[in-house]
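Residues per chain are reported as follows:
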Amino acid sequence: MATELGVSEMTVRRDLNVLAARGALVKVHGGATLDAAPTSSEPGFTHKLALRAAEKRAIAQAAVEWVKPGMSIALNSGTTTYALAAQCAGINDLTVITNSPRIAEVFYAASTPGQNIILTGGIRTVSDALVGPLALSALSQLHVDLLFLGVHGMTAEDGYTTPNMLEAQTNQAFIRSAARQVVLADHTKWGVTGLCQIVPLAGIDAVVTGAQLDPHAQQILRELIDSLILA
C-alpha cells in the first residue's frame, strides 16, 4: 500500500488505525480486512466443504505421505481432514480415531482390509464434530502415532483457534493423545481468530497449508514449528 500510494509505511499504519477506530475495517496480522466474522461464528460443514476444495485436496495429498500401514492416526472433524480421509481410505493396516461421523463413514465405505475405525461418542456440533464428556473420556484412553488437526483460524498472537468451546477442549484432548501433531489448514485460515484457543502456534509439530500463504506468516511458522509444508 505504501508503494502504491507513494507514502511511508508509518502513514499507512496510522491511517489503518484511524479507520479501524471508526469501524471501517478490521486490523489483522499483516494487514486489514473490510469486515470479520464474529469469533463465535461457526459455518456448517456442508458450507465449508465447498470452499477452496482444490487447495484442501492438495493439502491432503501432501499430508498422506506421512501415513504408513501399521500406524494409528487421529483426525478431528473438519473439511480438510475429511479430504485427507479420502486419501487414507485405501491404506491397509491402519487404526483411525475420529470425532467426525462423516470421516468415519469415508473409511467404512472403503472397507479396506485391516483398518480399525474408532468413532468417539459425544454431542454433535454445527460443524459435525462429536464433543463433550464422552469424547473427552474416549480420547483420554487412547495414544496415537499421528494427529491431523483441522482448525478454524491461526494467528501469531492467538495460536490455533475454534469458535466452539467444547470443540477446543476435544481438540486439546486429541493433541494430548498424539505423539506428533500436524495442523491441516488452507491459507485463508491465517489471520482468523475463533473464540477459543486450542494451543499456541509452537504447540504443534507441523503445518500443511496452501502455497499462497503470506510469506510473513510462513516465516513466523518456520520459526516456531518443526515443519511447514506448502501444498
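A brief look at the structure comes next.

About the criteria used
- Residues numbered from 1 in each chain as written.
- Predicted model: local features only at pLDDT ≥ 70, side-chain atom pairs only at ≥ 80, totals over all residues.
- Heavy atoms only, no water.
- Helix = DSSP H or I, 4+ residues; strand = E, 2+ residues; numbered from the N terminus.
- Rg over C-alpha atoms; globule rule 2.2 N^0.38 Å.
- Buried < 20%, exposed > 50% of the residue type's maximum accessible area, 1.4 Å probe, protein only.
- Contact = heavy atoms within 4.5 Å.
- Areas by Shrake-Rupley, 256 points an atom, 1.4 Å probe, with all protein chains shown as cover.
- Lys, Arg positive; Asp, Glu negative; His and termini not counted.
- Charge placed at Lys NZ, Arg CZ, Asp CG, Glu CD.
- Pairing = 2+ DSSP bridges.
- Salt bridge = Lys/Arg side-chain N within 4 Å of Asp/Glu carboxyl O.
- Axes fitted to C-alpha atoms, helices over the stretch in contact; angles between N-to-C directions.
- Phe/Tyr/Trp six-rings, centres within 6.5 Å; stacked < 30°, edge-to-face > 60°.
- Lys NZ or Arg CZ within 6 Å of the ring centre and 35° of its normal.

What to know about the overall build of the protein
- The number of helices and strands found in the protein is nine helices and 14 strands.
- On C-alpha atoms alone, the protein measures out to a radius of gyration of 19 Å, which is about the 17 Å that the 2.2 N^0.38 rule sets for 231 residues.
- Principal-axis analysis of the C-alpha atoms gives the protein an extent of 65 × 30 × 30 Å.
- Counting the 231 residues in the protein, one finds 46% classified as buried.
- Excluding contacts between residues fewer than 6 apart, the proportion of contacts in the protein whose partners are at least 24 apart in sequence is 60%.
- Only carbon and sulfur atoms are counted for the fraction: they give 54% of the accessible area of the protein, which is about 10,900 Å².
- A gap of 3 Å separates the mean positions of the 15 positive and 19 negative side-chain charges of the protein.

What to know about the pairing of strand E10 (residues 159-162)
- With three bridges connecting them, strand E9 (residues 153-155) and E10 associate as antiparallel partners. Paired with Met154 across the strands is Tyr160, a residue of E10.
- Connecting E9 to the antiparallel partner E10 that follows it, the hairpin turn spans three residues.
- Two elements, E10 and strand E12 (residues 196-199), share three bridges in a ladder whose sense is antiparallel. Within E12, the residue paired with Thr162 across the bridge is Cys196.

A closer look at the pattern of salt bridges
- If you walk through the whole model with that rule in mind, you get three salt bridges.
- With a shortest N-O distance of 3.3 Å, Glu9 and Arg13 are connected by a salt bridge. On the criterion of helical spacing, the pair formed by Glu9 and Arg13 is a turn pair, its members being four residues apart in helix H2 (residues 9-22).
- Between Asp128 and Arg102 there is a salt bridge whose closest N-O contact spans 2.3 Å. Here Asp128, found in the loop between strand E6 (123-124) and strand E7 (130-131), pairs with Arg102, found in helix H6 (residues 101-110); they are 26 residues apart in sequence, far enough to count as distant.
- The class of Arg102 is partly exposed, set by a relative accessible area of 29%.

Let's talk about helix H5 (residues 79-88)
- The element H5 is extensively covered by neighbouring structure, given that seven of its ten residues are classed as buried.
- Inspection of H5 places Thr79, Thr80, Thr81, Ala83, Leu84, Ala85 and Cys88 among the buried residues, and these make up the whole buried set.

Focus: the side chain of Thr161
- Relative to the assigned elements, Thr161 resides in strand E10.
- The class of Thr161 is buried, set by a relative accessible area of 2%.

Section: the sheet that holds strand E13 (residues 206-209)
- One open sheet accounts for seven strands, arranged E5-E4-E3-E8-E11-E13-E14; its pairing is parallel. Pairing within the sheet leaves two strands with one partner each, and these edge strands are strand E5 (116-119) and strand E14 (227-230). Put simply, the sheet's adjacent strands are angled 20° from each other on average, direction ignored.
- Relative to strand E4 (residues 95-98), strand E3 (residues 72-75) is paired through four bridges, and the arrangement is parallel. Residue pairing across strands places Ala74 opposite Ile97, the latter belonging to E4.

Regarding the packing of aromatic side chains
- In total, this model carries zero aromatic pairs according to the counting rule given.
- In this structure, Arg180 is placed above the aromatic ring of Trp66, and the distance from its NZ or CZ to the ring centre is 5.3 Å.

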